[in-house]
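Each chain, written out:
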Amino acid sequence: MIATTCFAQEGSSYKVSGTISGLPEGAMLQLVPESHKDEKPLAEVPIKEGKFEFVGTQKEPLGVYIMVKGSYGAYKFILDNSNISLIGNAKAKTQNGNQSYDFGNITTSGSNLTKLYYEKIAPHSALDGQYQAIQKNNAEVLKKIMDARKAKNETLQKELSSSEAGVKLASDEKEFFSNVEKTVNKIILDNKDSWWGPFLLVDMMSYFTPEQKSTYEQFSTEAKNSYYGKLVKDELYPKDLTGTKVPDFTVKSGNKTLALKDLIKGKRYTIIDFWASWCAPCRHEIPNLKKLYALYASKGLQIISISIDKKESDWQKAYEQEKMPWLSYLDRTGAANTYNVKLIPAMFLIDSNGTLISDKLRGETMTAKLKELFK
């Protein structure tokens, strides 16, 4: 009832305005939709003496982040066609050369859906205190394990983990994460009959596994037909595009814009590799890609690595560290969204015509497939 009565009719508009101190004068403040994709901002406006204002229309309620362009840190609220006010301050922090802002002191008014959202997730938020208690109660063995890990002393790690204190830590953590799973599932399924159900599924899980299909199937027809219901379905039940042409995309290199057809011209097979500097599994794949490139580049193999890093400096540093001998670009044009990339590493093996051979190969399976194709 609250969601129905609070949401303004289609055709009306929203206004999101307020004052957030602590932000640089002239910095661009963005409204970014929440999803498992790398979403483009709905809008961006400059900060003037801490003040800002967004105006627009929204068909259905949408989870959004307000954040400073090019920085980390955000405040989340529910956008609908209401007059929403955000008041508070942001604390600037710099870590590893990256600028971030803590928006923890923001107060929202005029948004009943935002108030309802934070009420719904309160049981999950309360788990933070439980986890901190576990950390405090097991601080001594945790520190010893972390020190052994930093020293790369695997023998000591095993000894500590099998000690009485280590076993207690493992038991406490197992019980905690089991409680997290139960709490999250209850929050989602308590809202299975409206758009809140699929929205909370997206909101509370960084990515989906096949296990979430059973949750989706419990949603009502109304929930499944909502904006977030459709997002969840597309992610859980992706179309098999094997044998079809992959979408075209462009990359930017200096002042040049290059299309996929230009990058694969004259090549027999191409691996399109989506990765990021912070993604450990992605970087673990690079040595294998180097072996494959050394074996088959002269026979017509192309590799195109596309980083989804937010900062060019992060990508450039990792690129120089990895010394990739193939084409590598920063995703400035939304190629990852075009390919519906949810998790990385994500690799697409295509032929000379741009037809998808597989998007499920990596490591040994990629090695075996290329050996078969180039025999």
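Provided above is the structure to which this section pertains.
Since the structure is predicted, the reported quantities are computational estimates derived from the model, not experimental observations.

Quick notes on the rules
- Residues numbered from 1 in each chain as written.
- Predicted model: local features only at pLDDT ≥ 70, side-chain atom pairs only at ≥ 80, totals over all residues.
- Heavy atoms only, no water.
- Buried < 20%, exposed > 50% of the residue type's maximum accessible area, 1.4 Å probe, protein only.
- Helix = DSSP H or I, 4+ residues; strand = E, 2+ residues; numbered from the N terminus.
- Pairing = 2+ DSSP bridges.
- Axes fitted to C-alpha atoms, helices over the stretch in contact; angles between N-to-C directions.
- Polar contact = N/O pair within 3.5 Å; in protein donor to acceptor, adjacent residues only side chain to side chain.
- Disulfide = S-S within 2.5 Å.
- 1 Å grid on protein atoms, 1.4 Å probe; cavity = no way out; pocket = protein on both sides within 12 Å on 5 of 7 lines; lining within 4 Å.
- Points joined across faces, edges and corners; volume = space filled by probe spheres on them.
- Nonpolar A, V, L, I, M, F, W, Y, C, P; charged D, E, K, R; others polar.
- Core = buried A, V, L, I, M, F, W, Y, C linked by side-chain atoms within 4.5 Å.
- Contact = heavy atoms within 4.5 Å.
- Parallel < 35°, antiparallel > 145°, perpendicular 65-115°, else oblique.
- Left-handed = near helix turned anticlockwise from the far one by under 90°.

### Topic: the pairing of strand β2 (residues 28–33)
As a general feature of sheets, a regular strand has side chains that alternate between the two faces.
Link 1 in the chain: Counting buried positions along β2 gives five out of six residues, so the element sits mostly inside the fold.
Link 2 in the chain: Across four bridges, the pairing between β2 and strand β3 (residues 43–46) is antiparallel. What sits directly across from methionine 28, in β3, is proline 46.
Link 3 in the chain: In the sheet, β2 pairs with strand β5 (residues 62–68) via five bridges, with the strands oriented antiparallel. Counted as the bridge partner of proline 33 is valine 64 from β5.

### Quick word on the sheet that holds strand β7 (residues 83–89)
Consider a sheet: its strands pair through backbone hydrogen bonds, and that pairing is either parallel or antiparallel.
Link 1 in the chain: Taken in spatial order, the four strands line up as β4-β1-β7-β10 in an open sheet, and their pairing is mixed. Strands with a single pairing partner mark the edges of an open sheet, and in this sheet they are β4 (51–56) and β10 (107–109). Ignoring strand direction, the axes of neighbouring strands in this sheet form an average angle of 15°.
Link 2 in the chain: Of the pairings in the sheet, the one linking strand β1 (residues 14–21) to β7 comprises seven bridges and is parallel in character. Bridge assignment links valine 16 to a residue of β7, and that residue is isoleucine 84.

### A look at the side chain of asparagine 81
Link 1 in the chain: Relative to the helices and strands, asparagine 81 resides in the loop between β6 (75–79) and β7.
Link 2 in the chain: By relative accessible area, asparagine 81 is classed as buried at 6%.
Link 3 in the chain: Among the polar contacts made by the side chain of asparagine 81, one reaches the main-chain carbonyl oxygen of glutamine 58 at a distance of 2.9 Å.

### Here we look at the state of the cysteines
Link 1 in the chain: Applying the stated rule across the entire model yields one disulfide.
Link 2 in the chain: Bridging cysteine 279 to cysteine 282, the disulfide has an S-S length of 2.3 Å. On the sign convention where negative means left-handed, the S-S torsion of about 80° between cysteine 279 and cysteine 282 marks this disulfide as right-handed.

### Looking at empty space enclosed by the protein
Link 1 in the chain: In this structure the tally under the stated criterion is one cavity of 30 Å³ or more.
Link 2 in the chain: What the largest cavity holds in volume is close to 50 Å³.
Link 3 in the chain: As for the largest cavity, its lining consists of Ser35, His36, Lys37, Val202, Leu231, Glu235 and Lys342.
Link 4 in the chain: For the lining of the largest cavity, the class distribution of residues is two nonpolar, two polar and three charged.

### Re the nonpolar core
Link 1 in the chain: Membership of the largest hydrophobic core comes to 58 residues, with the highest contact counts inside it found for Phe52 and Phe77.
Link 2 in the chain: Aside from chain neighbours lying at most four places away, what touches phenylalanine 77 is Val16, Leu31, Leu62, Gly63, Val64, Ile66, Ile84, Leu86 and Thr114.
Link 3 in the chain: Membership of the second largest hydrophobic core comes to 45 residues, among which are Phe274, Ile304, Val341 and Ile344.

### A look at the sheet that holds β3
Link 1 in the chain: Strand order in the open sheet formed by four strands is β3-β2-β5-β6, and the pairing between neighbours is antiparallel. At either margin of the open sheet sits one strand with a lone partner, and together these are β3 and β6. Between one strand axis and the next, the sheet turns by 25° as a mean value, whatever way the strands run.
Link 2 in the chain: Pairing of β5 with β6 involves five bridges; the strand directions are antiparallel.

### Some points on the packing of helix α8 (residues 196–204) against helix α11 (residues 227–236)
Link 1 in the chain: Two elements in contact, α8 and α11, have axes separated by 7 Å at closest approach and are oriented at 55°. As far as their axial angle goes, α11 and α8 are oblique. Both α8 and α11 take part in a crossing whose hand is left-handed. When α8 is examined against α11, the residues Pro198, Phe199, Leu201 and Val202 are found in contact with a partner set consisting of Tyr228, Gly229 and Val232.

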